[in-house]
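# Architecture and fold: a report
What follows is the residue order along each chain.
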Amino acid sequence: RDEGEAWLSCRSPGKPTLYGSLTRRGLSTEGVPDIAASEGFVVGEVTKKSILISCPHENVSTKFLAPYTTFCRIHQKSITCLDISSGGGLGVSTSTDGTMKIWQAANGEIRRLLEGHVYDVNCCRFFPSGLVVLSGGMDAQLKIWSAEDASCVVTFKGHKGGILDTAIVDRGRNVLSCSRDGTARLWDCGKSACLGVIADCSSPVNGIALGTADSSLNLGTPEKAPSEREVGTEGKILLLAREDKKLQGVGLQSRQPVFLFVGSDAFNCCTFLSSTYILAGAQDGNIYQLDVRNTNAPIQIIHRSGAPVLSLLPYRDGFIASQGN
């Protein structure tokens, strides 16, 4: 707004926080806002969709982006999870309003309402085909849905607590889930059966990530020959982000522990940057980068704010993190 003000703060670890403000002084002839910053801050490039602000004293700058598009009619309350199909055409999301919906990514138009879980749905994701959705809820059930007609094709039962995250093995003949009950399980979609408990942690598992392991890594050998219903588990490592401040790596086919890293707070999420580098986000705002071949010490700890790290996603040469602030 004209004459409108926005607050700024610049915080470097171990130093006092610098506070300031931005003021809009009207529009330029091109229709771009004319924005001035208070002492200690400098406004760089301003476009209709972004403002670049720097703090010379700390030698840092940040680009603030306006939303490209906003969909406000899909859900009535907070959105807890979302995914976009591999082709980019469809989105699926869950909310604290108790609903799970499929919508068109281009315009937010709702296509399907997926109903069948009791209580909250915590997680949802598309299979690689983009035609099928996997979801997990507080009712301890894992469900597979048709994105075309919203029918629930399969329900997996076996967890004793709410399901917090899922992963899909290769093209999706097998899927994985983790739960508040402390276990991560592997499921066979064709026979809707549990193929095994991959890990039992005696602490809630908040997030999982599946990756192809670096060839030099010893993933262990299975105690008994894997079932022929297990497809694509060889050479894969499963990461578990645990509530008890531990990040664990487990050989998917062997069910053997590969590493255990202890962090500063509960781990909420994890992801692979490559076959060797992984990231994990903690409740205290720390993001750990680790090398799976040697997890004794992190490569780096990134700390932008003390807000919980809720999700992580590799992107180009870096990653995207969302935090609870």
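Quick caveat: nothing in here was measured; it's all calculated off a predicted structure.

## A short note on the overall build of the protein
- When helices and strands are tallied, the protein shows zero helices and 28 strands.
- By the compact-globule yardstick of 20 Å for 325 residues, the protein fits well, its C-alpha radius of gyration being 22 Å.
- Taken along the three principal axes of its C-alpha coordinates, the protein extends 70 × 50 × 30 Å.
- Taken across its 325 residues, the protein has 44% of its residues classed as buried.
- Surface accessibility of the protein: about 17200 Å² in total, with carbon and sulfur atoms responsible for 49%.
- Across the protein, the 32 positively charged side chains and the 32 negatively charged ones have centroids separated by 3 Å.

## Description of the sheet that holds strand 18 (residues 193–200)
- With respect to topology, four strands assemble into an open sheet ordered 15-16-17-18, the strand pairing being antiparallel. The sheet is open, and its two edges are formed by strand 15 (163–169) and strand 18, each paired on a single side. Strand-to-strand twist in this sheet, taken as the mean axis angle between neighbours without regard to direction, amounts to 20°.

## Some thoughts on the UniProt feature "repeat: WD" (unreviewed entry) in the protein
- Per the UniProt record, "repeat: WD" (unreviewed entry) is annotated on residues 72–113, 114–155 and 156–188.
- Taken end to end, residues 72–113 is 0% helix and 50% strand, and its first and last C-alpha atoms sit 16 Å apart.
- Summarising residues 114–155: 0% helix, 50% strand, and an end-to-end C-alpha distance of 13 Å.

## Looking at the side chain of Ser-95
- Within the element layout of this structure, Ser-95 appears in strand 8 (residues 90–95).
- Overall, Ser-95 belongs to the buried group, its relative accessible area being 1%.
- In terms of polar contacts, Ser-95 uses its side chain to reach the backbone carbonyl oxygen of Ser-78, at 2.9 Å.
- Residues within four places of Ser-95 in sequence aside, it is in contact with His-75, Lys-77, Ser-78, Ile-79 and Thr-80.

## Brief notes about the pattern of salt bridges
- Enumeration according to the criterion identifies eight salt bridges in this entry.
- Measuring nitrogen to oxygen at the nearest pair gives 2.6 Å for the salt bridge that ties Arg-229 to Asp-188. One end of the pair, Arg-229, is in the loop between strand 19 (205–212) and strand 20 (236–242); the other, Asp-188, is in strand 17 (residues 183–188), with 41 residues separating them in the sequence.
- Of the charged contacts in the structure, one is a salt bridge between Glu-230 and Arg-255, with a shortest N-O distance of 2.8 Å. Pair noted here: Glu-230 is in the loop between strand 19 and strand 20 and Arg-255 is in the loop between strand 21 (246–251) and strand 22 (257–262), with a separation of 25 residues, a long-range link.
- Assessed through its relative accessible area of 12%, Glu-230 is described here as buried.
- Overall, Arg-255 belongs to the partly exposed group, its relative accessible area being 24%.

How each quantity is defined
Residues numbered from 1 in each chain as written. Predicted model: local features only at pLDDT ≥ 70, side-chain atom pairs only at ≥ 80, totals over all residues. Heavy atoms only, no water. Helix = DSSP H or I, 4+ residues; strand = E, 2+ residues; numbered from the N terminus. Rg over C-alpha atoms; globule rule 2.2 N^0.38 Å. Buried < 20%, exposed > 50% of the residue type's maximum accessible area, 1.4 Å probe, protein only. Areas by Shrake-Rupley, 256 points an atom, 1.4 Å probe, with all protein chains shown as cover. Lys, Arg positive; Asp, Glu negative; His and termini not counted. Charge placed at Lys NZ, Arg CZ, Asp CG, Glu CD. Pairing = 2+ DSSP bridges. Axes fitted to C-alpha atoms, helices over the stretch in contact; angles between N-to-C directions. UniProt positions renumbered as here; feature names shortened; annotations may be inferred. Polar contact = N/O pair within 3.5 Å; in protein donor to acceptor, adjacent residues only side chain to side chain. Contact = heavy atoms within 4.5 Å. Salt bridge = Lys/Arg side-chain N within 4 Å of Asp/Glu carboxyl O.

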